Amino acid sequence: MVNSKNWRPQTALVHGGTNRSQHGETSEAIYVTQGFVYDSAEAAEARFKGDEPGFIYSRYANPTVDMFEKRMCMMEGAEDARATASGMAAVHAALLCSVRAGDHVVAARALFGSCRWIIEQLMPRYGIETTLVDGTKPEAWEQAVQPNTKLFFLESPTNPTLEVVDIAHVAGIANSIGARVVVDNVFATPLQQKPLELGAHVVVYSATKHIDGQGRCLGGVVLSDKAWIDENLHDYFRHTGPSLSPFNAWTLLKGLETLPLRVRQQTESAARLAGWLACHPKVARVIYPGRNDHPQAEIIARQMTGGSTLICFDIRGGKGEAFRMSNALDLVRISNNLGDAKSLITHPATTTHKNLAADARAELGIADGTLRLSVGLEDADDLIEDMDRALATV
Ligand SMILES: *Cc1c(COP(=O)(O)O)cnc(C)c1O
């Protein structure tokens, strides 16, 4: 989607991709239809041949979904996109559509649980070799390369410990061997990190998180250059059917309109809370991408334009203390979701990362006292008061 008007992001997120019907509606229309009719058999033939533009079937494309895809392309600076029913459908399609038995995939070990399952469990089942590396070690990526390496996959910042991977470095390795880099950019949001500009080839989102940001629907999107999508994703997507529903696409279009306002406000509150937590005697460690003491502050300064709406911190003690604090919270709710208008806290060791062996959790820096906080749109002073009250019970 060419941004022919050179709109700045905030404008593109309100107007990008809008395709009004003959009624001239202000807000985007929801095209709830499975199929489309043709004026003649010849017109149907021409559309199937690709000689005439137009919609064929909503599993392939739908006008409301198309608006969401085009708006995301403008935001991301991507040529093309496919929207999916969930973030995992996007990750699954992006990873599987371009590889085959005998290929090798290198991924950072700090991955969202379901993403790690695809790499560790699903791909090997189909004869795709995979290697997990410590993504924060630049040399680990190089050392994992094999003659059959075709794909690199990473998430940055990572869930839940907010580790950062040097995307330009991984892209450099990939380009030198003709491989591709897929980046799961959920934690950074499209506003605070631009993987394509850093050299990555494919970007995926769970739109469920900040893009909706109001707890309403699941969604996802894969963005890349047109050639990669035509060659790899186009047929895979059409024939496996991970399509997004028009209603959810509309919800996500509405989410995009307010994304910059929400992410800016949530990041500002998160930065304040991170600073406050770092000074609290009952907190042993705070990891926040906006702080100077983040282990990869130098890479963050180079590749991100903002901090994060998420904070990772360790309570002094272990699971008992982390549970006591979580249970004592009144405003902040216990939930494994993130990016929401409501502040949410989770204990990764017993929820999102419970399927990992204890040593794999330790490798990722997930301790028994680790909590992940997704900061919402509440007044930061109310959040600090709630956290202060809860920490006092520990
Ligand atoms: C939530 C999430 C996903 C999966 O998205 P769903 O919409 O829940 O399917 C993938 N990657 C990351 C980093 C996530 O946070």
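(A) Inspection of the overall build of the protein at higher detail. The secondary structure content of the protein amounts to 15 helices and 12 strands. Against the globule reference of 21 Å for 394 residues, the protein gives a C-alpha radius of gyration of 22 Å, in line with a compact fold. In terms of overall dimensions, the protein has a C-alpha envelope of 75 × 55 × 35 Å along the principal axes. Scored against the burial criterion, the 394 residues of the protein give a buried share of 55%. Summing over all exposed atoms, the protein offers an accessible surface of approximately 16,700 Å²; the carbon and sulfur share of this is 50%.

(B) Just the pattern of salt bridges, in detail. The final tally for this structure, using the stated rule, is 18 salt bridges. Across the salt bridge formed by glutamate 363 and arginine 109, the nearest N and O atoms sit 3.4 Å from each other. A residue pair is termed long-range when its members are at least 10 positions apart, and glutamate 363 in helix α14 (residues 358-363) and arginine 109 in the loop between β2 (104-108) and α5 (113-125) qualify at 254 residues. Between lysine 226 and aspartate 230 there is a salt bridge, and its shortest N-O distance comes to 2.7 Å. Of this pair, lysine 226 and aspartate 230 both sit in helix α10 (residues 226-240), separated by 4 residues, roughly a single helical turn. Relative accessible area serves as the criterion here: at 41%, lysine 226 is assigned to the partly exposed category.

(C) Representation of the packing of aromatic side chains. Applying the stated rule across the entire model yields 4 aromatic pairs. On the basis of an interplanar angle of 90 degrees and a centroid distance of 6.3 Å, the ring pair of tyrosine 57 and tyrosine 60 is categorised as edge-to-face.

(D) A look at the domain arrangement of the protein. Under the domain assignment, the protein is made up of domain 1 (9-255) and domain 2 (259-391). Inter-centroid distance (C-alpha atoms) of domain 1 to domain 2 is 27 Å. Each partner contributes residues to the interface: domain 1 has 36 residues there, and domain 2 has 39 residues. Contact between domain 1 and domain 2 buries roughly 3,200 Å² in total, counting both sides, with carbon and sulfur atoms accounting for 57%. Among the residues domain 1 hides against domain 2, the three largest losses belong to Leu162, Gln192 and His210. Together they make up 22% of the total. Ionic pairing is found between aspartate 166 and arginine 302, a salt bridge with its closest N-O pair at 3.3 Å. Put simply, domain 1 and domain 2 have 21 residue pairs in polar contact (both at pLDDT 80 or more) between them. Sorting the residues of the side of domain 1 that touches domain 2 by element identifies α1 (9-15), α7 (167-177), α8 (189-192) and α9 (208-212) as the ones contributing at least two each.

(E) Spatial organisation of unusual backbone geometry. Of note, the bond from serine 156 into proline 157 is cis; its omega dihedral lies within 30 degrees of zero at -10 degrees. For proline 157, the location among the structural elements is in the loop between β4 (149-155) and α7. In this structure, the amide linkage connecting asparagine 159 to the following residue, proline 160, adopts the cis form with an omega of 0 degrees. Here proline 160 lies in the loop between β4 and α7. For threonine 189, which is not glycine, the phi dihedral falls at a positive 70 degrees. As for its position among the elements, threonine 189 is in helix α8.

(F) Looking closely at the sheet that holds strand β3 (residues 129-133). Reading across from one edge, β1-β7-β6-β5-β4-β2-β3 is the order of the 7 strands in this open sheet, with mixed pairing throughout. Of all the strands in the sheet, just β1 (80-84) and β3 have a single pairing partner and so form its edges. In this sheet, adjacent strand axes meet at a mean angle of 20 degrees when their direction is disregarded. Of the strand pairs in this sheet, strand β5 (residues 180-184) and strand β6 (residues 202-206) are connected by 3 bridges, and their pairing is parallel. Paired with valine 182 across the strands is valine 202, a residue of β6. The strands touched by helix α3 (residues 63-76) within the sheet are β1, β6 and β7 (220-224), with β1 carrying the most contacts at an inclination of about 130 degrees. The sheet contacts of α7 involve β4 and β5, and relative to β4 the element is tilted by about 170 degrees.

(G) Geometry of the sheet that holds strand β11 (residues 344-346). Read from one edge to the other, the open sheet built from 5 strands follows the order β8-β9-β12-β11-β10, with strand pairing classed as mixed. A strand with exactly one partner marks an edge of an open sheet, and here the two such strands are β8 (283-287) and β10 (333-334). Note: β8 against strand β9 (residues 310-315), 4 bridges, orientation antiparallel. Within the sheet, the bridge partner assigned to valine 286 lies in β9 and is phenylalanine 313. The strands that helix α13 (residues 319-328) touches are β9, β10, β11 and β12 (370-374); relative to β9, the one it contacts most, it runs at about 130 degrees.

(H) Focus on helix α4 (residues 87-96). α4 sits mainly inside the fold: 8 of its 10 residues count as buried. Along α4, the residues classified as buried are Gly87, Ala89, Ala90, Val91, Ala93, Ala94, Leu95 and Leu96. Of the residues flanking the start of α4, the one acting as N-cap is serine 86, its side-chain oxygen 3.4 Å from the backbone nitrogen of methionine 88.

Definitions and limits used
- Residues numbered from 1 in each chain as written.
- Predicted model: local features only at pLDDT ≥ 70, side-chain atom pairs only at ≥ 80, totals over all residues.
- Heavy atoms only, no water.
- Helix = DSSP H or I, 4+ residues; strand = E, 2+ residues; numbered from the N terminus.
- Rg over C-alpha atoms; globule rule 2.2 N^0.38 Å.
- Buried < 20%, exposed > 50% of the residue type's maximum accessible area, 1.4 Å probe, protein only.
- Areas by Shrake-Rupley, 256 points an atom, 1.4 Å probe, with all protein chains shown as cover.
- Salt bridge = Lys/Arg side-chain N within 4 Å of Asp/Glu carboxyl O.
- Phe/Tyr/Trp six-rings, centres within 6.5 Å; stacked < 30°, edge-to-face > 60°.
- Domains from an automatic or database assignment.
- Contact = heavy atoms within 4.5 Å.
- Buried area = accessible area lost by both parts, 1.4 Å probe.
- Polar contact = N/O pair within 3.5 Å; in protein donor to acceptor, adjacent residues only side chain to side chain.
- Pairing = 2+ DSSP bridges.
- Axes fitted to C-alpha atoms, helices over the stretch in contact; angles between N-to-C directions.

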